[in-house]
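Residue-level listing of the chains:
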Amino acid sequence: MAQSIPVKANDSIIYHIELVHDFSMLPTFLQQLGYGRTQKICIVTDSNVAPLYARDVQDLLEKEFDTVILHTFEAGEHNKNLETVNTLYQTLIEQHFDRQDLLIALGGGVVGDLTGFTAATYLRGIDFIQVPTTLLSQVDSSIGGKTGVDFMQYKNMVGAFYQPKAVIIDPLVLKTLDARQFSCGAAEIIKMAACFDRELFETIEKNRIEDDPEMFIAGALNIKKDVVQKDERESGLRRALNFGHTLGHGIESNTDLLHGECVSIGMIPMCSAKIQERMKAVLRREGLPVSLSEAAVQGKTILPEESPDDQVRVIAEAVLHDKKAQDGKVVTVQVDDIGSCSFVKMDSQQILKSLREVL
Ligand code: NAD
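Comments concerning the sheet that holds strand β2 (residues 12–19)
Reasoning step 1: Strands sit in the order β1-β2-β9-β6-β5-β3-β4 across an open sheet of seven strands; the sheet is mixed. Every interior strand has two partners, whereas the edge strands, β1 (3–9) and β4 (68–73), have only one. Across the sheet, the mean angle from the axis of one strand to that of its neighbour is 20 degrees, orientation sign disregarded.
Reasoning step 2: Bridge count for strand β6 (residues 127–132) against strand β9 (residues 166–169) is two bridges, and the pairing is parallel. In the strand pairing of β9, Ile-129 is matched with Ala-166.
Reasoning step 3: The strands touched by helix α3 (residues 82–94) are β3 (41–46), β4 and β5 (102–107); relative to β4, the strand with the most contacts, the crossing angle is about 160 degrees.
Reasoning step 4: The strands touched by helix α8 (residues 213–230) are β1, β2 and β9; relative to β1, the strand with the most contacts, the crossing angle is about 15 degrees.

Take a look at the structure:
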């Protein structure tokens, strides 16, 4: 059943997340938001999503809007940078886009973050809409208003908080997503349930996410929405959504594992002993590794040639150089019981100890 979830800031609704079963309602949603025939639309997408969905979306919109252009860039995190933003600025300038016009981000988190950042900065701000097409972007990156690109070796180093005018989610597009990418989105759902929602976690323990993605997407969206409504700028509660990410980012920068796989491994040492086995069970069932050696056995990564102790040291070094680290310590999130989390400060010794657990 289609659902409309309002997202608020300071008690006023700022946009709706629409859960739909195909994109046919897209023109109507835009008209309801007040966009008219003469407003120009640029669909921004990547080279994988373009041949799957972009033409259909463009055809639909062209029935109601005079100018609908498509801007496609090469897929991949390595293209989430200012160079790609520059080419998009050029397209918008050449096509005379002004502040009344609209960008639509059609793709995963890379497309969403990059389009949102372009929207935030082009002409000091132009409207944009998120149409996320990966599980991760549907449950996580498309809501909350964090936009940005990577700079040099630093992830999300340049960015802005900038809210979309709507988020339109069709879970059916996940049928073309590969299984590893699907699992990465599952890791973020498990993360949110473990931190905030015991009932959702217990439902995951009994069902595979792929059996009813829509139910789990709605569950995760409601958690994320509540958290960002309480803390839009990530000064407190929202940091809990970094559960698994502190160690995960260190692992991600030293292996070829995908983001969600690193988060999966990074969550394990941050769980209390009494829930660790439950966490491992749900993560494994969703196809995720819970240690680096398990990922290597699954053929997802090759362990570096250094001795295990050296590997741990290299990863710990990366964790302590994270942009959020301060005075040689990082604030991390730990889950004490399912549905309940807290913050802890970890120094290098504690980080080394945690990493040894998941090597
Ligand atoms: P992604 O955008 O790179 O998508 C993964 C792959 O799936 C890509 O190759 C893409 O082309 C392909 N793809 C997308 N939709 C598809 C579909 N329906 N069918 C087939 N293939 C499809 O990666 P992602 O995992 O969606 O997002 C990761 C990005 O999100 C990272 O850059 C991360 O920093 C960012 N992120 C942002 C936030 C935030 O709050 N803004 C939160 C979490 C993650």
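A short note on the packing of helix α6 (residues 179–196) against helix α7 (residues 198–206)
Reasoning step 1: The contact between α6 and α7 brings their axes to 7 Å, and the two run at 135 degrees. Taken together, the axis directions place α6 and α7 in an arrangement best described as oblique. Here α6 runs over α7; the crossing is left-handed. Contact with α6, carried on its side by Ile-189, Ile-190, Ala-193, Ala-194 and Phe-196, involves Arg-198, Leu-200, Phe-201 and Ile-204 of α7 and no other residues of that element.
Reasoning step 2: Its residues placed into classes, the contact of α6 with α7 shows eight nonpolar, no polar and one charged.

Cut-offs and rules
Residues numbered from 1 in each chain as written. Predicted model: local features only at pLDDT ≥ 70, side-chain atom pairs only at ≥ 80, totals over all residues. Heavy atoms only, no water. Pairing = 2+ DSSP bridges. Helix = DSSP H or I, 4+ residues; strand = E, 2+ residues; numbered from the N terminus. Axes fitted to C-alpha atoms, helices over the stretch in contact; angles between N-to-C directions. Contact = heavy atoms within 4.5 Å. Parallel < 35°, antiparallel > 145°, perpendicular 65-115°, else oblique. Left-handed = near helix turned anticlockwise from the far one by under 90°. Nonpolar A, V, L, I, M, F, W, Y, C, P; charged D, E, K, R; others polar.

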